[in-house]
Amino acid sequence: MLGYKEDKMICRLSQGYRVEKIKGLGCQMLLKDSNGKKICFLEVCNNKLSMIKKRKGQELTSFEKTQIYRFIMANQYTISNETADTLELSILRYKDGTEKYLSERQLKNTIKQSLDNVKIYVGKLKAHTLKIPAYTKGCIYNFSRAEINTLIIEENCDMHIDMRDNKFIEALRIRNNFSGSVNMSRNSVQSIEIEDNCRCDLSMFDSLKCFNLIIGDVYSGILNIKNSCFHALSVGYYCYAQIKLSNNWGRRDLIIGDSFRGELDIEGINIYNIDIGKDCKGRISIQAENLSIPHNINIAEDFGGSLDLQEDKAVNNIKVGRNASGKFNFWGCQAIKNVTFDKYFKGYADFSESSVEYVQAKYGSSGEMIFTGCKNLSLIRVPHNKKSVLTMEKNPESVENKKEEDIYYFKSSNKEKRYKIPFYTRLAEGISELWG
């Protein structure tokens, strides 16, 4: 009931509670109990309750929150996200701009439905596992305050999920044919799985815990991970996403599946191995400062993309599979030591001004390699067919012509003791030969 008393607007509520408008302060109202005790201030402007200011050290009781909710509904006010947080309500916003305010129970019942073109802001929600039903379309869900352990987005959903600053989430599961975006920055997730045929923009900045990220086949979108830790990170077959990794670290390899068609940009990543699958036609760029772990890059056969390591200071060893025809830019690499191209290499590799020591191109290779300003260069091995094109700033000290290969020695000591190829490289090459 509304009335006036002593030039103050009064809204009378249950059990003697009331809301009074403060004279001279157009947007300020005051909630009082039956004894006239001040409970909290309400900021109401343009029919919107934008803020509830509690007294220092005092929390609102459930009854008081209910009274404020009834006051809102009686006056048809809208509320801000901050007000929803205080009252432990969630906001359901429809496409036409109307809003509905939901209790936790009402919210759970609402989310069980396949919704269309709505926005949901969660003020309070507790659940071990929450499922977004299949065919939820055009929705935006803000779960930053949701106390959920596992979030499952069922197949064929089209939506945007905001999980920023969520300290409760542990696992995210995205089923097939998802389209949309997920922001996982500064949260506690430990496991993310994205199934096949998903177009998902996934952001992860400043992760609070190390996580596994497993992405299925035919993935597209933008994957942006920065200042975060991962145990494992892998992407499946025929990915054509833009993958951006900056200042991250991990315990296992980074694995990109076969037929990669996207872009992989790395700026600082502390892991041992980067594995690229077969038939890669994508663009790979790595720019890293000196890191505690030297990187190895393993590229499978039929590589036809580009690998740009210009002025990188972390990649140490590179192994490229058969039939590579792509472009390799190693200009100015300060950590690179050993590079091996398997059979039938016909690409282009520029080693200028790098620290490379050992390069080998195996049987049937006819590619072009540039070696200018390579002060540490010790040994080059190329097929004896003379089809490889080598550009060298200085002549080798000696050349050994064998039946199957020519060996160029740039340091006389290597002619007697050969160049010491790392054991793991020789082991991998031996296994590869055994299996053809």
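Residues numbered from 1 in each chain as written. Predicted model: local features only at pLDDT ≥ 70, side-chain atom pairs only at ≥ 80, totals over all residues. Heavy atoms only, no water.

Caption draft 1: Molecular detail of unusual backbone geometry. A positive phi angle, near 60°, is found at N197, a position not held by glycine. Mapped onto the secondary structure, N197 falls in the loop between β17 (191-194) and β18 (199-205). Of note, D206 is a non-glycine position whose phi angle comes to about 55°, a positive value. Here D206 lies in the loop between β18 and β19 (211-215). With a relative accessible area of 34%, D206 lands in the partly exposed category. (Helix = DSSP H or I, 4+ residues; strand = E, 2+ residues; numbered from the N terminus. Buried < 20%, exposed > 50% of the residue type's maximum accessible area, 1.4 Å probe, protein only.)

Caption draft 2: Up close: the environment of I79. Structurally, I79 is set in strand β7 (residues 78-79). Given a relative accessible area of 0%, I79 falls into the buried group. Beyond its immediate chain neighbours, meaning those up to four positions away, I79 contacts K48, L49, I72, A84, L89, I91, R93, E99 and Y101. (Contact = heavy atoms within 4.5 Å.)

Caption draft 3: Representation of the pattern of salt bridges. The tally for this structure, following the rule as stated, stands at 23 salt bridges. The residue E88 makes a salt bridge to K124 at a minimum N-O spacing of 3.7 Å. With E88 in the loop between α2 (81-87) and β8 (90-93) and K124 in the loop between β10 (119-121) and β11 (126-132), this pair connects stretches of sequence that are 36 residues apart. Residue classification places E88 among the partly exposed residues on the basis of a relative accessible area of 34%. A salt bridge links R261 to D279, with the nearest nitrogen and oxygen atoms 2.9 Å apart. Of the two residues, R261 is situated in the loop between β23 (254-256) and β24 (263-270) and D279 in the loop between β25 (273-276) and β26 (283-286); the sequence distance between them amounts to 18 residues. Of the residues examined, R261 reaches a relative accessible area of 29% and is grouped as partly exposed. In this structure D279 comes out as partly exposed when scored by relative accessible area, which is 22%. (Salt bridge = Lys/Arg side-chain N within 4 Å of Asp/Glu carboxyl O.)

Caption draft 4: Inspection of the state of the cysteines at higher detail. In total, this model carries two disulfides according to the counting rule given. Paired by a disulfide, C27 and C45 hold their sulfur atoms 1.5 Å apart. Between C27 and C45 the disulfide shows an S-S torsion of about 135°. By sign, it is right-handed. With a gap of 18 residues between them, C27 in the loop between β3 (18-21) and β4 (28-32) and C45 in strand β5 (residues 38-45) connect regions that are remote in the sequence. The class for C27 is partly exposed, based on a relative accessible area of 29%. Two residues share a disulfide in this structure: C210 and C229, whose sulfurs sit 1.8 Å from each other. Linking C210 and C229, the disulfide has an S-S dihedral of approximately 90° and is accordingly described as right-handed. (Disulfide = S-S within 2.5 Å.)

Caption draft 5: Quick peek at the layout of surface pockets. Space inside the largest pocket adds up to approximately 270 Å³. The wall of the largest pocket is formed by ten residues, among which Q360, K362, Y363, E404 and E405 lie closest to the centre. Counting only elements with at least two residues in the lining of the largest pocket, the list comes to β33 (358-361) and β35 (379-383). (1 Å grid on protein atoms, 1.4 Å probe; cavity = no way out; pocket = protein on both sides within 12 Å on 5 of 7 lines; lining within 4 Å. Points joined across faces, edges and corners; volume = space filled by probe spheres on them.)

Caption draft 6: Local environment of helix α1 (residues 62-75). With 14 residues, α1 ought to run about 20 Å at 1.5 Å a step, and its terminal C-alpha atoms sit 20 Å apart, in line with that. Every buried residue belonging to α1 is among E64, K65, Q67, I68, F71 and I72, and all of these are buried. Across the axial projection of α1, the buried residues extend over an arc of 160°, all falling on one side. Exposed residues on α1 whose side chains face more than 90 degrees from its buried face are S62 and A74. Phi for Q76, located one or two positions after α1, is positive at around 55°. (Expected span 1.5 Å × (residues − 1). Arc of directions from axis to C-beta.)

Caption draft 7: Looking closely at the environment of N376. Turning to its location among the elements, N376 is positioned in the loop between β34 (368-371) and β35. Among the residues examined, N376 registers a relative accessible area of 31% and is labelled partly exposed. Residues N376 and S354, spaced 22 residues apart in sequence, show a C-alpha to C-alpha distance of 8.2 Å. Non-local contacts of N376, meaning those with residues more than four positions away in its chain, are made with S355, V356, E357 and K411.

Caption draft 8: Here's a closer look at the side chain of S207. Mapping S207 onto the fold places it in the loop between β18 and β19. Residue S207 is classed as buried on the basis of its relative accessible area, which comes to 15%. A distance of 3.2 Å separates a polar side-chain atom of S207 from the backbone nitrogen of C229. Apart from residues no more than four positions distant in its own chain, S207 is found in contact with N187, N227, S228 and C229. (Polar contact = N/O pair within 3.5 Å; in protein donor to acceptor, adjacent residues only side chain to side chain.)

Caption draft 9: Main features of the nonpolar core. In this structure, F143, L151, F328, F330, F341 and F351 are the most contacted members of the largest nonpolar core, which totals 90 residues. If near-sequence neighbours (up to four positions away) are discounted, F330 is found in contact with L307, L309, I318, I336, V339, F341, A349, D350, F351, S352 and S354. (Core = buried A, V, L, I, M, F, W, Y, C linked by side-chain atoms within 4.5 Å.)

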